[in-house]
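Commentary on secondary and tertiary structure
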Amino acid sequence: MAHKITLTGKATSELRKMKNRDVFTFDMKENGSPQAPKGLPSSEFIDYTVFINKKQFNKLKIEQDDFQNHKLLIQGEPTLNVPMDECPGEIGVVCFQIQVLEPKNKKEVEAIPKNAPAGTEAYEDIGKITIPDDFQKTAPRKEKLAEKIAYIDNNGTIDEPISIDKNTYMLKDGYSRFLAAKERDFAKVPVKY
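Since the structure is predicted, the reported quantities are computational estimates derived from the model, not experimental observations. (Residues numbered from 1 in each chain as written. Predicted model: local features only at pLDDT ≥ 70, side-chain atom pairs only at ≥ 80, totals over all residues. Heavy atoms only, no water.)

1. Observations regarding the pattern of salt bridges
- Under the definition given, this model contains 8 salt bridges.
- Taking the shortest distance from any N to any O, the salt bridge between D22 and K17 comes out at 3.7 Å.
- R177 serves as the salt-bridge partner of E160, at 3.9 Å between the closest nitrogen and oxygen. Note that E160 is positioned in the loop between helix 4 (142-155) and strand 8 (162-164) and R177 in helix 5 (residues 175-183), a separation of 17 residues in sequence.
- For R177, a relative accessible area of 7% puts it in the buried group. (Salt bridge = Lys/Arg side-chain N within 4 Å of Asp/Glu carboxyl O. Helix = DSSP H or I, 4+ residues; strand = E, 2+ residues; numbered from the N terminus. Buried < 20%, exposed > 50% of the residue type's maximum accessible area, 1.4 Å probe, protein only.)

2. Some remarks on the sheet that holds strand 7 (residues 122-125)
- One open sheet accounts for 4 strands, arranged 7-10-8-9; its pairing is mixed. Strands at the two margins of the open sheet, each flanked by one partner only, are strand 7 and strand 9 (171-173). Strand-to-strand twist in this sheet, taken as the mean axis angle between neighbours without regard to direction, amounts to 55 degrees.
- Sheet topology note: the strand 8/strand 10 (residues 188-192) ladder contains 2 bridges and is parallel. What sits directly across from S163, in strand 10, is K192. (Pairing = 2+ DSSP bridges. Axes fitted to C-alpha atoms, helices over the stretch in contact; angles between N-to-C directions.)

3. Considering the sheet that holds strand 2 (residues 16-17)
- Strands sit in the order 1-5-6-4-3-2 across an open sheet of 6 strands; the sheet is mixed. The two strands at the open ends of the sheet, each matched to only one other strand, are strand 1 (5-9) and strand 2.
- Relative to strand 3 (residues 23-31), strand 2 runs antiparallel, the two sharing 2 bridges. Paired with R16 across the strands is T25, a residue of strand 3.

4. A word on the nonpolar core
- Membership of the largest hydrophobic core comes to 19 residues, with the highest contact counts inside it found for L7, F26, F57, F67, I74 and I98.
- Elements with a minimum of two residues in this core: strand 1, strand 3, strand 4 (45-53), strand 5 (71-79) and strand 6 (91-101).
- Excluding its chain neighbours within four sequence positions, the residues that come into contact with F67 are A11, L15, F26, F57, I62 and L72. (Core = buried A, V, L, I, M, F, W, Y, C linked by side-chain atoms within 4.5 Å. Contact = heavy atoms within 4.5 Å.)

5. Examining the confidence of the model for the protein chain
- On average, residues of the protein chain score 85 in pLDDT, and 93% of them are at 70 or above.
- Helix 2 (residues 106-109) is the least confidently modelled element of the protein chain, averaging 50 in pLDDT, while strand 8 averages 93, the highest of any element. (pLDDT = per-residue confidence, 0-100.)

Right under this line is the structure:
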């Protein structure tokens, strides 16, 4: 009997159409447990590529350009029989069942704007984000910061979400994007956890 797999969360990529088929793919990421038994390596996260046919997608009754804003429940089975160029994730998942999960709280109800950078999971108050000492000791290059500010001026948002810890709001990646957003007086910034 094949292994079953269940994924929940938002897509971390846009919907892609497979060549010569009525099949779509998209990527999802699940966090691993940092609490591995002693001596074993911990798992930070796993990237999945989900394969869904057009009929399944149409039953969701959501638009392709709004797809990444919905929390999904996917049930399927893993597959390794897909060419690597069609499966950028570490594990492919053949979708047997998919549904949109209703938001549980007010924070999930807040819509993510269509111009949000790919992979945005939420918008957080910039004042809540804590900067680690390591980041504060070394400022980003002036050219890099100017590039990020220019991107904001041209597009109205940063180029990709800032990575933070979901519980502590500690900045993990994207210090130059954070500084550029602060320079342009953003009240909230797009983040991924």
